[in-house]
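Remarks on the overall topology
Okay, here's what each chain looks like letter by letter:
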Amino acid sequence: MQSQSAPGPATANLLVIGRPRFDPADVPVGTEAAAAWASLLQRFGPAAAAARIKGDFALALRQPTGRCVLAVDHFSAQTLCWRLRDGRFEFAERADQLGDASSLDAQALFDYLYFHVIPSPRTAFADVQRVPPGHVVVYENGQVTVQPYWLPTFREPRRPSFELHRAEFKRLLQAAVGHQLDGTRAACFLSGGTDSSTVAGMIGAASGQAAATYSIGFEAEGYDEMEFARIAARHFGTEHHEYYVTPEDLITSIPSVSGWYDAPFGNSSALPAFYCAQQARKDGVTRMLAGDGGDELFGGNTRYATHKLFAQYHRLPGPLRRGLMEPVFGMPWVQSTPGLKRGSGYIRQANTPLPARMQVFNLLRRLGYANVLTPEFLAQVQVQGVEQQQQEVWTQVAAEHEIDRHLAYDWRYTLAESDLPKVRGTTQMAGVSVGFPMLDDDLVDFSMRLPPQWKLKGFKLRWFFKEALKDFLPAEVISKKKQGFGLPFGVWAARHARLKALAVAGVEGISQRGLIRRDFARRLIDQHLPEHPSYYGTMVWILMMLEHWLQAHAADYRLR
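Let us look at empty space enclosed by the protein. Enumeration over the complete set of coordinates arrives at four cavities of 30 Å³ or more. Within this model, the largest cavity holds a volume of roughly 180 Å³. Lining the largest cavity are 14 residues, with Pro133, Trp150, Pro152, Gln396 and Arg412 positioned closest to its centre. Ranked by residue count, the leading element in the lining of the largest cavity is helix 18 (residues 402-430), at three residues. Here the residues of the lining of the largest cavity are counted per class, giving nine nonpolar, four polar and one charged. Taken as a whole, the second largest cavity holds about 130 Å³ of empty space. Lining the second largest cavity are Arg21, Gly55, Asp56, Asp73, His74, Phe75, Ala77, Gln180, Phe436, Leu439, Asp440 and Asp441.

In structure tokens:
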């Protein structure tokens, strides 16, 4: 369901976006979503009403009393923004429907350079906020209240049965895919990983017909995993489609894709996702399913094992760590000696508390704020703000085990703020709606009841998921390393003259706007990118995408 609203945010009284599902015990079957939302608000109040809704949704209602209530789903698969201006509370699906070039927020631009996205509640515009995932916003009597109605709560079972959990898991997976199908041609993204392959196979189980699958490849060593997508497609008998993205494609689509978003957006896999959705739309597909969420629900990201390795350090006796290892590995000559300096780095990271440890390799931090950003820009921002927000998200999770806390943290920063906006934005641009079956409410609840050691067993990632589906998925897909639609931008930009020219223009544009130092811009292009294209290509990419977003939304912006 798309939005139902009066034209323009200032006069909107209602927005219903997405596919909310209501409990028949609360709302009669067949009730329109707007009427169901109004009924729940009247009976239960804002937070309790939102907590009773399943599915992906963004709901906003201006009631006759003047009270406005906004809510978005647990993962912000759908989004809402709001502002309070001159005593008038306004809301809209997109931030750029409310804000304009005159209100760009320097802190938001810093957040973008740090995270490569602008995490909620901030938007690119100083007077506009985005509703965070799992939150309600209430405006009443001139006051705005923002509060969570849902927070992840993990409950480990006392006597877990693998066989019972496996049976329930397969049933929930099939039901989750079924919830997302709408009767049109069933289609999905297919990277060749476990999640997208599972969705492709479950479409057949849920609908009784093979899925149409869409995959993206790259003519670049180490980036293309099309063969795994083909294995999954053959295994499930899908109607398979492939497209190979080229540097010329990027030159064509970078300005339009970057400008489509309502905020600067630096997730580079947005471009491959767009081409996937575009190919599907040309084939008549109007809805696609995506596999996002499986890694974050069931423990599939390599950093989970990495941080578990750091945790092992603190199991050593304190006198050994503090009295011997840390003094020795803290010596300057040890820190500069090949082989030994890796031990120094390990101890340093192990002693960095979470979640700060997860940003040790943050590109902007490693390059140095003062080495990258102009003094004028730094004077307008709070660099500590990004760390404070991460700490708040980390500490509010109800979980006893570190792996579960990691997962919930990624539900916010990896899924809600980056991966889901990537897919939602690019599919919208292509004219296709999208569903995320891995984030079905019942499946998420199930994941929070799994024993944490089944998610990361020793150092084996997503152990339960793979064991439960080893008779369903191809063996090659289960054993492959995680990759996805990673874009070889840096490698291409270092070799392809026209793409490099576009990148150089983007970096120089951000320098001329007064955000980054001109000497850094020159080093980045002339020295860093040729020496380490895959690493420094990320910084080139986020600067270039920022410049193209500014050209589309605030062409005259200069740092004041």
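Let us look at the packing of helix 3 (residues 106-115) against helix 17 (residues 385-395). In contact at an axis separation of 10 Å, helix 3 and helix 17 are set at 70 degrees when each is read in the N-to-C sense. By the angle between their directions, the pair helix 3 and helix 17 is classed as roughly perpendicular. Where helix 3 approaches helix 17, its residues Phe110, Asp111, Tyr114 and Phe115 are matched on the opposing element by Val386, Glu387, Gln389 and Gln390. Looking at the contact of helix 3 with helix 17 residue by residue, the classes come out as four nonpolar, two polar and two charged.

Bringing the pairing of strand 4 (residues 57-62) into the picture now. Within strand 4, six of the six residues are buried, which leaves it mostly tucked inside the rest of the structure. Going residue by residue along strand 4, you find Phe57, Leu59 and Leu61 tucked away on one face and Ala58, Ala60 and Arg62 tucked away on the opposite face as well. Bridge analysis of strand 1 (residues 14-18) against strand 4 gives five bridges, and the strand direction is antiparallel. Counterpart to Gly18 in the pairing with strand 4 is Phe57. Bridge analysis of strand 4 against strand 5 (residues 68-72) gives five bridges, and the strand direction is antiparallel. Residue pairing in the sheet places Arg62 in a bridge with Cys68 of strand 5.

Hydrogen bonds between backbone groups are what pair the strands of a sheet, and the pairing can be parallel or antiparallel. Here we have three strands laid out as an open sheet, ordered 7-6-8, and antiparallel in their pairing. Among the strands making up the open sheet, the edge pair consists of strand 7 (88-92) and strand 8 (129-130). Pairing between strand 6 (residues 81-85) and strand 8: two bridges, direction antiparallel. From the neighbouring strand, Cys81 faces strand 8, where its bridge partner is Arg130.

What follows deals with helix 10 (residues 302-313). Turning to helix 10, its buried residues number three or more, namely Tyr304, Ala305, His307, Phe310 and Tyr313. Against the buried residues of helix 10 lie helix 9 (294-298), helix 11 (318-329), helix 13 (340-350), helix 18, strand 16 (456-457) and strand 17 (460-461).

Bringing the sheet that holds strand 1 into the picture now. One open sheet accounts for five strands, arranged 1-4-5-9-10; its pairing is antiparallel. One side of each edge strand has no neighbouring strand; the edge strands of this open sheet are strand 1 and strand 10 (143-148). Direction aside, neighbouring strands of the sheet carry axes that sit 10 degrees apart on average. Two elements, strand 5 and strand 9 (residues 135-140), share four bridges in a ladder whose sense is antiparallel. By the bridge assignment, Ala71 is partnered in strand 9 with Val136. In the packing of helix 1 (residues 33-44) onto the sheet, the strands contacted are strand 1, strand 4 and strand 5, and the crossing angle to strand 4 comes to about 70 degrees.

The rules behind each value
- Starting afresh in each chain, residues are numbered from 1 along the sequence in its written order.
- Local features in a predicted model are, by the rule used here, given only for residues with pLDDT of at least 70; side-chain atom pairs are given and counted only at 80 or more, and totals for whole chains, interfaces and linings are based on all residues.
- Working from all heavy atoms in the structure, the side-chain values ignore hydrogens and water.
- Residues are said to line a cavity or pocket when one of their atoms sits within 4 Å of a point; the points come from a 1 Å grid over protein atoms alone, cavities being sets where a 1.4 Å probe fits but cannot get out and pockets being open sets with protein on both sides within 12 Å along at least five of seven lines.
- Grid points are joined across faces, edges and corners, and a volume is the space filled by probe spheres set on the points.
- The numbering of helices and of strands both runs from the N terminus, where a helix is a DSSP run of H or I of at least 4 residues and a strand a run of E of at least 2.
- Under the scheme applied, nonpolar residues are Ala, Val, Leu, Ile, Met, Phe, Trp, Tyr, Cys and Pro; charged residues are Asp, Glu, Lys and Arg; polar residues are all the others, including Gly.
- Note on geometry: axes are C-alpha line fits, over the in-contact stretch for helices, and angles between N-to-C directions span 0 to 180 degrees.
- Just so you know how the angles are binned, under 35 degrees is roughly parallel, over 145 roughly antiparallel, 65 to 115 roughly perpendicular, and the rest oblique.
- For this analysis, residues touch if any pair of their heavy atoms sits within 4.5 Å.
- When a residue's accessible area, from a 1.4 Å probe over protein chains only, is under 20% of the maximum for its type it is buried; when over 50% it is exposed; and in between it is partly exposed.
- For two strands to count as paired, DSSP must find a minimum of two bridges between them.

Keep in mind these numbers describe shape, not what the thing actually does.
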